[in-house]
Structure formats: structure tokens, C-alpha cells
Amino acid sequence: MKKYLFFVITILLYSCSRNEKTSFPLDYEQEKIIDKLINNMTLEEKVGQTCQITLDAILLKDSLNKLIEPHQIDSVKLNEALLKYKVGSILNVSNHTFTLDKWHKILSQIHEKNKQNPHGIQVIYGIDAIHGATYLSNSTLFPQQIGLAATWDTSHARKLGEVTAYETRASGIRWNFSPVLDLGRTPIWSRFFETFGEDVYLAKTMGKSIVYGYQGEKFNDYTVAACLKHYVGYSFPRSGRDRTPALIPKRIMQEYYLPPFEEAIKSGALTVMINSGEVNGIPGHTNKYLISEVLKEKWNFAGFTLSDWEDYIKLHKEHLTDSTIEMAIASAFNAGVDMSMVPNNPQYKEYCKSLIKLINDGVVSEDRLNDAVKRILRVKGKIGLLSDLSVPDKNNYSDLASKKHRDIAYNAAKESITLLKNQNNILPLKSEDKILLIGPTSNSLNCLNGAWTHTWQGIETKYNNDFPTIKQELESRLKNVFSFEGSKMLMKDGDEFDEISNDLKEAVRVSKSVDVAIVCVGELPSTEMPGDIYSLNLPDEQKMIVKELHKSEIPIVLVLVSGRPKIIRDIEPLCDGILQAYLPGDQGGVAVVDILTGVVNPSGKLPYTYPRYDGAILYYDHKKLETLNGNNWKYDFFHPQWNFGYGLSYTDFKFSNLRLSKKNISISKNEKITLSVDVENTGDIFGKEVVQLYARDHYASISPPLRKLVRYNKISLEPKQKKTVIFELDALDFGFFGIDFDWTNEVGKHSFFVGDLEASFNLIK
Ligand code: BGC
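These figures come from a predicted structure and were not determined experimentally. (Residues numbered from 1 in each chain as written. Predicted model: local features only at pLDDT ≥ 70, side-chain atom pairs only at ≥ 80, totals over all residues. Heavy atoms only, no water.)

Colleague: Could you clarify how one ought to interpret the overall build of the chain in this entry?
Modeller: Regarding its fold elements, the chain presents 21 helices and 28 strands. In terms of overall size, the chain behaves like a compact globule, its C-alpha atoms giving a radius of gyration of 27 Å where 765 residues would be expected to give roughly 27 Å. Every one of the 765 residues in the chain was classed for burial, and the buried ones make up 61%. Counting only contacts in the chain whose residues sit at least 6 apart along the sequence, the fraction spanning at least 24 positions is 77%. Of the accessible surface of the chain, which amounts to about 30000 Å², a share of 51% is contributed by carbon and sulfur atoms. Placing the 91 positive and 95 negative side-chain charges of the chain at their respective mean positions leaves the two points 3 Å apart. (Helix = DSSP H or I, 4+ residues; strand = E, 2+ residues; numbered from the N terminus. Rg over C-alpha atoms; globule rule 2.2 N^0.38 Å. Buried < 20%, exposed > 50% of the residue type's maximum accessible area, 1.4 Å probe, protein only. Contact = heavy atoms within 4.5 Å. Areas by Shrake-Rupley, 256 points an atom, 1.4 Å probe, with all protein chains shown as cover. Lys, Arg positive; Asp, Glu negative; His and termini not counted. Charge placed at Lys NZ, Arg CZ, Asp CG, Glu CD.)

Colleague: Even after reading the chapter, I still don't get the environment of glutamate 496, so can you show me in this structure?
Modeller: Looking at the secondary structure, you find glutamate 496 in strand 15 (residues 495-500). If we ignore the near neighbours within four places in the chain, the residues touching glutamate 496 are Met489, Leu490, Met491, Gly522, Glu523, Leu524, Pro539 and Gln542. In terms of polar contacts, glutamate 496 uses its side chain to reach the backbone amide nitrogen of leucine 524, at 2.9 Å. (Polar contact = N/O pair within 3.5 Å; in protein donor to acceptor, adjacent residues only side chain to side chain.)

Colleague: I would appreciate a short explanation of helix 18 (residues 470-477) in the present structure.
Modeller: Each turn of an α-helix holds 3.6 residues, which means side chains three or four residues apart point in the same direction. Those residues of helix 18 lying buried are Ile470, Glu473 and Leu474. The buried residues of helix 18 occupy an angular sector of 95 degrees when the element is viewed end-on, so they sit on one face. Against the buried residues of helix 18 lie strand 12 (435-438), helix 17 (445-449), strand 13 (481-483), strand 16 (516-522), strand 17 (556-561) and helix 21 (588-596). (Arc of directions from axis to C-beta.)

Colleague: Just checking my understanding: could you explain the pattern of salt bridges for this structure?
Modeller: Close approach of charged atoms allows side chains with opposite charge to pair. For the coordinates displayed, the defined rule picks out 50 salt bridges. Two residues, aspartate 532 and arginine 241, come together in a salt bridge whose shortest N-O distance is 3.6 Å. Here the residue aspartate 532 occupies a position in the loop between strand 16 and helix 20 (540-550), and arginine 241 occupies one in the loop between strand 5 (225-231) and helix 9 (250-257), the gap between them amounting to 291 residues. Residue classification places aspartate 532 among the buried residues on the basis of a relative accessible area of 11%. The shortest N-O distance in the salt bridge between lysine 566 and glutamate 523 comes to 3.2 Å. Taken together, the residues lysine 566 in the loop between strand 17 and strand 18 (577-580) and glutamate 523 in the loop between strand 16 and helix 20 connect sequence positions 43 residues apart. Each member of the pair, lysine 566 together with glutamate 523, is buried. When salt bridges that share partners are traced, they join Lys296, Asp338, Arg368, Asp371 and Arg375 into one network. (Salt bridge = Lys/Arg side-chain N within 4 Å of Asp/Glu carboxyl O.)

Colleague: Teacher, can you tell me more about the environment of serine 416 here?
Modeller: Among the secondary structure elements, serine 416 is positioned in helix 16 (residues 403-416). On the accessibility criterion, serine 416 (0% relative accessible area) is buried. With residues near it in sequence (within four places) discarded, serine 416 still touches Gly147, Ala150, Thr151, Tyr582 and Gly604.

Colleague: Explain the packing of aromatic side chains here, please?
Modeller: The relation between two aromatic rings is expressed through the spacing of the ring centres and the mutual angle of the planes. Going through the model one piece at a time under the given rule, you end up with 26 aromatic pairs. Seen from their ring centres, tryptophan 152 and tyrosine 712 are 5.4 Å apart, and the 80 degrees between their planes marks the pair as edge-to-face. With tryptophan 152 in the loop between helix 6 (145-150) and helix 7 (154-170) and tyrosine 712 in strand 23 (residues 708-717), the pair connects residues that are 560 residues apart, well separated along the chain. Tyrosine 712 gets classed as buried once you look at its relative accessible area, which sits at 12%. Grouped by ring-pair contacts, the aromatic residues Trp152, Tyr201, Tyr620, Phe644, Tyr694 and Tyr712 constitute a single cluster. The ring of phenylalanine 98 has lysine 102 sitting right over it, with the charged end atom 5.8 Å from the ring centre. (Phe/Tyr/Trp six-rings, centres within 6.5 Å; stacked < 30°, edge-to-face > 60°. Lys NZ or Arg CZ within 6 Å of the ring centre and 35° of its normal.)

Colleague: Before we go on, may I ask you to explain the packing of helix 9 against helix 10 (residues 259-266) in this structure?
Modeller: For any two helices packed against each other, one specifies the inter-axial angle together with the distance between the axes. Interhelical geometry of helix 9 versus helix 10 gives an angle of 45 degrees and a closest axis separation of 6 Å. By the angle between their axes, helix 9 is oblique relative to helix 10. Along its contact with helix 9, which presents Met253, Gln254, Glu255, Tyr256 and Tyr257, the element helix 10 presents Pro259, Pro260 and Phe261. (Axes fitted to C-alpha atoms, helices over the stretch in contact; angles between N-to-C directions. Parallel < 35°, antiparallel > 145°, perpendicular 65-115°, else oblique.)

Colleague: Would you explain the pairing of strand 16 in this entry?
Modeller: For a regular strand, the rule is simple: side chains alternate between the two faces of the sheet. Counting buried positions along strand 16 yields seven of seven residues, so the element is predominantly enclosed. Along strand 16, one buried face is formed by Val516, Ile518, Cys520 and Gly522 and the opposite face, lined by Ala517, Val519 and Val521, is buried too. Alignment of strand 12 against strand 16, held across four bridges, turns out to be parallel. Looking across to strand 16, one finds that isoleucine 438 is bridged to valine 519. As defined by bridge partners, strand 16 adjoins strand 17 across six bridges and the pair is classed as parallel. By the bridge assignment, cysteine 520 is partnered in strand 17 with valine 559. Crossover strand 16 to strand 17 through helix 20 is right-handed. (Pairing = 2+ DSSP bridges. Right-handed = clockwise from strand over helix to strand, strands pointing away.)

Colleague: Please explain the sheet that holds strand 1 (residues 51-54) as it appears in this structure.
Modeller: Backbone hydrogen bonds hold the strands of a sheet together, and the pairing may be parallel or antiparallel. Taken in spatial order, the eight strands make up an open sheet running 9-6-5-4-3-2-1-10, and their pairing is parallel. Every interior strand has two partners, whereas the edge strands, strand 9 (304-306) and strand 10 (340-341), have only one. Pairing between strand 1 and strand 2 (residues 89-91): three bridges, direction parallel. In the strand pairing of strand 2, isoleucine 53 is matched with isoleucine 90. Its contacts with the sheet place helix 15 (residues 366-382) against strand 3 (124-127), strand 6 (271-274) and strand 9, and it is angled at close to 105 degrees to strand 9.

Colleague: Can you walk me through the site of the ligand in this structure?
Modeller: The full set close to the ligand counts 14 residues, and Asp128, Arg191, His230, Asp308 and Glu528 are the nearest of them. Surface burial for the ligand is 96%, taken as the share of its 310 Å² of free accessible area covered by protein chains. In terms of residue class, the shell around the ligand is made up of six nonpolar, two polar and six charged. (Near = heavy atom within 4 Å. Nonpolar A, V, L, I, M, F, W, Y, C, P; charged D, E, K, R; others polar.)

Colleague: Where do I start with helix 21 in this structure?
Modeller: With nine of nine residues buried, helix 21 lies mostly within the body of the structure. Buried residues of helix 21: Gly588, Gly589, Val590, Ala591, Val592, Val593, Asp594, Ile595 and Leu596, and no others. Where helix 21 ends, the next residue or the one after it, glycine 598, has phi of about 85 degrees, a positive value.

Colleague: Help me understand the packing of helix 18 against helix 21, please; the structure alone is not making it clear to me.
Modeller: Close contact between helix 18 and helix 21 brings their axes to 8 Å; oriented N to C, the two are set at 50 degrees. With respect to helix 21, the axis of helix 18 lies oblique. The hand of the helix 18/helix 21 crossing is right-handed. Residue-level inspection shows Ile470, Glu473, Leu474 and Arg477 of helix 18 in contact with helix 21, the latter providing Gly589, Val590, Val592, Val593 and Asp594. Classifying every residue of the contact of helix 18 with helix 21 gives five nonpolar, one polar and three charged. (Left-handed = near helix turned anticlockwise from the far one by under 90°.)

Printed below as a string of C-alpha cells:
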């Protein structure tokens, strides 16, 4: 009995101490099983676990090496990949969305074949379900991340996570390459729309919620493993072009780029995808410091890291840091990349053979391989792939693409849309208004969704779900709508090329007899390198619509359907109303029209600073020196079109009575401070307002930003209702990375800001 007790206590102690150390709790029994498995696995089997191939690699192709439609698995290639090379992971889908049945068929074939392998370790299938289950026909599509951030309400991020996990899981897939936790500080970068915008705190809080949504409290049949990407610094390419070098000083890396990842790791995220670009000359995939020392050792990340697309090949061919592909595999693996998205055929075979050779030659140690495999199997164990090899029963997923899910996506869309201008209360429209609707994004579901929708670039129309565009929805609701195209967005040599439409003249003629013109502008969907652009300026052809209509002296409402700020400095004064719709997803048509017509009172706020000029990109958390204007020697150079956090409502809110619980906060005692503020809806309609709390450190040894978001809370208020909002903070909330690269607090005067209110306090020793 004593012996038994001792055994139990030892197990408990072991698991407790392991749990304390790792980023998510480990299952002691499963760890033992994995260790045993690894002992029994051959070198080939272990290497196979680290290899990820694309679905194309096992599909039937014609004599010209083109995929045959409808896609079918090539049994010879499947045998080779799973049985000979023991490949442990497959990703994505080629070209387009599949139906639920098709996914089940594909996954069953993979699962069945894999059963012939001795250890029953299932393939982990990953997919980019980044705003809903994007590669599953009829799935529920949400706003892209930039819009989600504009809701300033983390419950939408959590719900997006839950619905996306549910629908992805319905197809049999258990791993989602989402969320993107790169900060959106380069609006010209093609993947800006995939981020939560420019602020660290907003990205941290949204990221944490989406991870909870995907993974749930405990893994079950409705959850998926999250994959944080692209660790780290990927979003800040100096040239603005995708996958090109970034220069990020260590302090900025610590204070801005790492925290959203750290927060999501603390929240239990199971996997991480590595940055395809390079930071300060070191490719993401060979940055041992960031991958092994920070992520795995400092943060105790217990899951596995995945390379991005073909990145070890890029180390040799593009970064030029490794003279052979074999050396590149060694560099990435030794830096801490556990699984490689190889992903093509026959390259994956070379990858496997090279890694085996590197281990046999001692260039990569078997311990390192075992560590990678252990991490991969640990995640597979967590999501049931070491035991449960079945595809799901469709009957268990009756909420798939249901009204319930659609409403959740609609709520996120309606709360994201941001009213930027509303001169003379031009909005909401009146039901009797005669409306001229025009512009290249007014009748496009693809433009509402953006890239990663049914296809990679999101431009193909034939896979679209059946939801209304802005035009279709507006015409179905109001009697007097006159619709025109105005301009076209075409593709020429891989770039968007805009052209005035023949109907612009007629639109101008009709405009003389309407009450208001709604002009929907924006850009064609695109992402990654094909989405690289030269300028943030809204094309002249689109601006021409506004300029021509303005001659008729009618009010103009501009609707921006775009995942980033397009420069509209010269047409902004010609517009009475401006709405930023971002990329609101399949429910965007309804949500935009609900806001235009006043069914919904807008409550979105910009998650980025909207620039006035595309040459001067300043962030809201700029420093005083950045505001000095050499033309007049005033501090007024920060003059964006609209500031971060900006957004109007159809009602008015008043902030008052900002109070602090104390005037001095001790750093050594890590004292807390409570701030409260009253918010009143002074108008006549219901509305939601985001209470944004910013802090300022007046003097610091590292020149401080003028403000930093430290908390936010979105609240609902009935007409004339007043609420008190309370925030609690501690000394650490006012810290920064000091001269010695440690999180530091310095004594001295600090201030809080909410709206126009300010209250000061002192940090003391
Ligand atoms: C992208 C990743 C994506 C992966 C798989 C890469 O090109 O950078 O974000 O998850 O492809 O589709």
C-alpha cells in the first residue's frame, strides 16, 4: 500500500512540476506513451513525422502535371507518402473549396491508408480557416481579422474561433493555421487585413480570445488546434513587400512584436508557424534565439513549430544563408523548427532523405529529432490523433452553416463597420430617399470577403456562397435605388488595373435627380506576394466617380470595402458620409445596408491610424519628436486622416468624472490602481461605445510614446442611460523595456486619458 501511495505521489509531483513548467498542461500518461512510441519508431518514421506535404502532392495529375478535376487521390502517391516516407502531416486544398462529403472522402482515404502504419499515429491535417472554414463549401464566413479587431469586443473573436472550429472540425480537420498575430504596422503590406491592426494590447486581447475559441477549455469534437503565425516580425517588411527583410531593434521586438505571441502561448496555443521573411538579416527559420531560446525555453512552449511554405528551400535560394538545401534543412531544424511545410512532390522525398542523412552524419542530433517528434506527437495526442482515427459523423454537426452561426458572423460584421464621417447627419438614409448606388465594390461578394475565401486569392466567383452584395441587399430593401458600376477593377499582369466604366456618364446625369449617392470603393482581393502593391492611393478611376458626382452637388456617402486604409485625402472633403467596412465577410452586404439605413447604430472603431498621405505613416503611439513640424515649428505633424480608435455613432456619448483610487502607486509593492469613468448616452437611440483607456509616462529614460492603449471595454447604453466603467491596473501596466532590456518601471508623473479627459498620478518606489 505504502509503495502504491509513493508511486501515486511521485506521479502527481511529476505531473504537477511538468505542468508548472509548460505552456499548456501535459498529460503524464500520454507523455509516457509518447516516449515509448519514440523509442520504438525507426529513424524514417520519426523523420516522416516532421514532414508536411500539400494535398496536391498526392492528387491525380494529367500528363501536363495539372490537377485533374474533380480532385482525386492518386493511390500510388498516397502509398508512397504515407507508407514509404511515413509523412506525418498534410495541408490545405488545391485551388478551391470542397464540399463536406468531399472532405470526408479525402480524410477517410488518408486515415484508412495510415492504419497500415505500425503505430497508429494519424496524419495531422492543417488548413487556413482564417475567417471561418474558408475551404469548406457553404461554411460561415466572418469578417477578416482587421474587421474583427474593429469590433473592439473580444467576445466576437472568441465566437469566431468557436464557430470556425466547429465547422472545420465537421470536415474532419483538427488544425487551423490561425490567428495571425503579426502587428499591422505596414498598411501597404499585402497581408495587413489578416492582422488585428497596429496596437499591441488590442492584438494581445483579441489573439487570446480567438485561441480560446479555437481550442476551448478542453479538446473535444468541436475544437481545433490553433497555429500562431508568423513568428515573428513578418509583418514589418522594410520594403512593404511580402516576405522581404524587416529591421526591428531588440527593444521594439520585445515591446511590440513578441507580446501578442507570448500572450497566446500563455493561453495554451498548441502550434506556431515561423516567419518566412528575415529580421535584422537573420531568416525567421534560422533564428535560434527567437525560436529555441525565447519561444521554447523562456516561454516554455510545449507544442511544435512549423515552417511556412517551402522555407528551407528559400534559405538556400532566396535568403542565401545556406549554400545547399541540405544545409538549409539542418539550419532550420537546429534552430528549432520542428515540422517543415515542404510541401511539394517530389521535394518532400528529398527532404526526408536529407534529414535522415543529416542525422546519420551527426549534423542534426537524434536528440533534437526526438524533441521535435515528441512535440508533434504531444499535439497529436492532445487533439486525439494518437487514438481516434475516424472522420466525424455528419449528424453531429447540425449547426454547420446554420442561421445560428450566420447570426454570429453577422453580429461581428455589424459591430466592426466604422462610421468615419457623418456631416449634417447624412446617415442613416431615409426610406423615401432616392439613392444612386455606384462603385466597383458595390456588387461583389468577393470584395466583401477578401482573400483566403474559397480560393487562396479569393478572386474566383464560382465557389461563392449565396449571400447578397451591398447592391442586392439595398435594392431588396429600398424602392428608389439606381445602380451603376462607375469603374471596374480588372487584373492586368497580376496587378489590379482600374478602368472607368461606360455607365459613369449616365450615372452623373441620373445623379441630378437623386437625394444621395453611395459610392462603394476598395480593392480586389489578394494576399501574400501576388498581393504586393506600389501605393496606398485609391485608384484615380475610383476617385473620379466621387469627383464627377460631386459636380451635381448631391450628398455623397463613401463606403470603403478594403482591408487597409486607402488614401482618400482629396475626395474626403467631397463626401458627407464615410463608412469603413473592412472585409466584413458573407454577411457584409446585409451589415453595411443595416448601418446605412439605421437598422444598426455603428460602433466599430479603427484598429489602425488612417494615414492622410501614403508617404507619412505614423502610429497613434508615436513619440513627441515625431510630431515636430519643421514648417511651422509646432508639434502638429501627426495629422492622420483619422486616429486609431476613431469611430462615430448615430448617437452621442459623453465621458465625465474620471477618478483614480490613488495619486501614488508603489512599484516595489506592485500596487494596483482603480480608474473609473462615467459614460452617458446623451442621444435618443440605443448605442454601443468603446471606452478606451490610454496611459502616458511623461518622462522616461527611453523616450516614451505620447500614449499607449492599456485597457478597453465596449458597453451598451440605452438613450440617456449612464454607466460607470471601472478598470484596474497595476504598476507593470506602465512599464517598458529599459536600457538593460528588462521590463522596467520608472518613478514619475503618469497620466490616463479617456476621450478628452485626463487624470494624473505618480509612480513611486
Ligand atoms: C502562408 C501561411 C499559410 C500557409 C499555408 C503560406 O504561404 O504564409 O500563412 O498558413 O501558406 O497555406
